[in-house]
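In case you want the letters, here they are:
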Amino acid sequence: MDAYPPLAPKVRGRLAPSPTGRMHIGHARSFLLAWWSVRAQGGELLLRIEDLDQTRARQSWSDGIVEDLAWLGLDWDGEVVMQSDHTVHSFAARDRLMEKGLAYACVCSRKEVREAANAPHEGLGPVSGEVNYPGTCRGKYASLEDAEQQTGRKAALRFQIPDKPVHVSDGIFGELDFALANHGGDFVIQRRDGLPAYQLGVVVDDGRSGINEVLRGNDLLVSAARQQLLYAALDLPCPSWLHVPLVADSRGERLAKRLGSTSLAELREAGMQAHEIVAWVAQSSGMKTPTGCAASELVGEFDVAKIPHQTATWPQPS
Ligand code: GLU
């Protein structure tokens with residue numbers, strides 16, 4: 001008897017908003033596309049609120065995100081996960097990285113990093129104004145405690161990047177190589193206030209949740225390279241990456257959370273219907289432009305190959 005071919009693993013995606021403001025039309029686009037992609041493949045979708053930064057996160061914004069997603073017609077599988085409830089796993093991963101000698105304590109202040117980065121050193125041309133940490137504290141301290149005792153300062157932990165570029169295979173942007181030394185250098189995995197940094201938290205939480213597809217804005221494309229290093233270092237399987245272009249307003253400016261007039265809450269108050277936003281996202285993503293359709297009615301239209309590589313333009317000024 002012929003053996004059945006192995007079943008493809010079920011697609012597990014996620015929406016991972018940070019509750020640092022109201023959702024705008026750019027978030028709506030990335031989240032709709034992530035949702036369509038997963039639902040089109042019969043997969044599962046997790047909603048994880050990335051609230052680690054308690055100085056910026058607010059409960060009212062978490063509630064607003066849930067409200068906006070539901071208004072758009074998006075659903076998720078299981079309970080909403082609050083990232084701050086699970087930091088214990090990030091700390092365990094941090095310990096593993098320290099034990100493996102892949103991360104080190106750094107006591108440099110932001111100002112010192114800026115100054116060190118401005119000093120001439122070979123092969124580290126800045127990319128689009130990024131400050132490249134030149135590894136000042138590499139190999140200096142045995143541990144975080146050692147760094148803090150020796151200097152009387154609070155220490156962060158940084159992951160030591162490799163000398164060679166990191167190859168990222170993206171389902172939208174194709175094959176890319178990132179020389180991370182030119183994109184900030186050794187990156188922070190634990191902040192000076194002791195909280196897990198974004199890069200570590202996202203990898204540990206996606207890894208633990210079995211996420212195998214990450215669709216998000218292409219402002220995080222370089223972070224995919226950093227995160228790949230962490231997946232490998234922690235022996236976790238890396239998800240497939242799909243980075244979608246961001247949204248700009250009619251003046252060509254990238255949307256930011258503080259720009260109120262493109263927030264879903266304001267658009268809704270101004271009388272806009274969810275189906276109009278769904279139609280705009282569909283049309284700007286190479287899908288048929290229906291009118292009056294719920295997000296769920298367009299699942300079959302989604303085709304990742306048709307998503308344009310250019311920034312999408314929301315027709316209204318922000
Ligand atoms: N929480 C991050 C943000 O809102 C996104 C994380 C991710 O998708 O990897 O910018």
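On a predicted model such as this, the values are computed, not experimentally measured, just so you know.

Remarks on the overall build of the protein chain
Piece 1. What the protein chain contains, in helices and strands, is nine helices and 12 strands.
Piece 2. Computed over C-alpha atoms, the radius of gyration of the protein chain comes to 21 Å, within 12% of the 20 Å expected from 2.2 N^0.38 for 318 residues, which places it in the range of a compact globule.
Piece 3. For the protein chain, the C-alpha atoms occupy an extent of roughly 65 × 65 × 35 Å along the three principal directions.
Piece 4. In the protein chain, which comprises 318 residues, the proportion classed as buried is 48%.
Piece 5. Here the contacts in the protein chain between residues at least 6 apart in sequence split such that 79% fall between residues at least 24 apart.
Piece 6. Accessible surface computed for the protein chain: about 15,400 Å², of which carbon and sulfur atoms make up 51%.
Piece 7. The average position of the 33 basic charges and that of the 40 acidic charges among the side chains of the protein chain differ by 5 Å.

As for the side chain of Q227
Piece 1. Residue placement: Q227 occurs in helix 7 (residues 221-233).
Piece 2. Taking relative accessible area as the criterion, Q227 reaches 1% and is therefore assigned buried.

Here's the deal with the confidence of the model for the protein chain
Piece 1. Taken as a whole, the protein chain shows an average pLDDT of 91; of its residues, 93% reach a score of 70 or greater.
Piece 2. Per-residue pLDDT stays below 50 along residues 121-128; that stretch engages in 12 contacts with residues further than four places along the chain or on separate chains.

Things to note about the sheet that holds strand 3 (residues 81-82)
Piece 1. The strand order 1-2-3 describes an open sheet built from three strands, whose pairing is parallel. Strands with a single pairing partner mark the edges of an open sheet, and in this sheet they are strand 1 (12-15) and strand 3.
Piece 2. Strands strand 1, strand 2 (44-49) and strand 3 of the sheet are contacted by helix 2 (residues 59-72), whose axis makes an angle of about 155 degrees with strand 2.

What about the site of the ligand?
Piece 1. The full set of residues close to the ligand is R14, A16, S18, E50, Y198, V202, R216 and L220.
Piece 2. Within the contact set of the ligand, an oxygen atom lies 2.8 Å away from a side-chain nitrogen or oxygen of R14.
Piece 3. In the model, a nitrogen atom of the ligand is placed 2.8 Å from a nitrogen or oxygen of the S18 side chain.
Piece 4. Taking 300 Å² as the accessible area of the ligand by itself, protein coverage stands at 80%.
Piece 5. A breakdown of the residues in the shell around the ligand according to their chemical character gives four nonpolar, one polar and three charged.

Topic: the nonpolar core
Piece 1. Counting residues in hydrophobic clusters, the biggest one holds 43 residues, and the most contacted among them are I25, W36 and I277.
Piece 2. Contributions of two or more residues to this core are made by helix 1 (25-40), strand 2, helix 2, strand 10 (240-244), helix 8 (264-269) and helix 9 (274-284).
Piece 3. In terms of residue count, the dominant contributor to this core is helix 1 (nine residues).
Piece 4. Here I25 is in contact with V247, L255, T262, L264, L267, I277, W280 and W314, once residues within four sequence places are set aside.
Piece 5. Core analysis: the second largest hydrophobic core is formed by 42 residues, V107, Y141, V214 and W241 among them.

Considerations on the pattern of salt bridges
Piece 1. If you walk through the whole model with that rule in mind, you get 21 salt bridges.
Piece 2. Of the charged contacts, one joins R22 and E67 as a salt bridge, the two residues approaching to 3.8 Å between their closest N and O atoms. Highlighted residues: R22 in the loop between strand 1 and helix 1 and E67 in helix 2, separated in sequence by 45 residues.
Piece 3. Given a relative accessible area of 24%, R22 falls into the partly exposed group.
Piece 4. Residue D68 is joined to R268 by a salt bridge in which the shortest nitrogen-to-oxygen separation is 3.1 Å. With a gap of 200 residues between them, D68 in helix 2 and R268 in helix 8 connect regions that are remote in the sequence.
Piece 5. When salt bridges with common partners are traced through the structure, they connect R14, R48, E50 and D206 into a single cluster.

With respect to the pairing of strand 2
A regular strand carries its side chains on alternate faces of the sheet.
Piece 1. Extensive coverage of strand 2 is indicated by the burial of five of its six residues.
Piece 2. When strand 1 meets strand 2, the two strands line up parallel, connected through four bridges. Across the sheet, the residue bridging to L15 is L47, located in strand 2.
Piece 3. Looking at chain direction, strand 2 and strand 3 are connected through two bridges and run parallel. From the neighbouring strand, I49 faces strand 3, where its bridge partner is M82.

Here is what the cut-offs are and how they apply
Residues numbered from 1 in each chain as written. Predicted model: local features only at pLDDT ≥ 70, side-chain atom pairs only at ≥ 80, totals over all residues. Heavy atoms only, no water. Helix = DSSP H or I, 4+ residues; strand = E, 2+ residues; numbered from the N terminus. Rg over C-alpha atoms; globule rule 2.2 N^0.38 Å. Buried < 20%, exposed > 50% of the residue type's maximum accessible area, 1.4 Å probe, protein only. Contact = heavy atoms within 4.5 Å. Areas by Shrake-Rupley, 256 points an atom, 1.4 Å probe, with all protein chains shown as cover. Lys, Arg positive; Asp, Glu negative; His and termini not counted. Charge placed at Lys NZ, Arg CZ, Asp CG, Glu CD. pLDDT = per-residue confidence, 0-100. Pairing = 2+ DSSP bridges. Axes fitted to C-alpha atoms, helices over the stretch in contact; angles between N-to-C directions. Near = heavy atom within 4 Å. Polar contact = N/O pair within 3.5 Å; in protein donor to acceptor, adjacent residues only side chain to side chain. Nonpolar A, V, L, I, M, F, W, Y, C, P; charged D, E, K, R; others polar. Core = buried A, V, L, I, M, F, W, Y, C linked by side-chain atoms within 4.5 Å. Salt bridge = Lys/Arg side-chain N within 4 Å of Asp/Glu carboxyl O.

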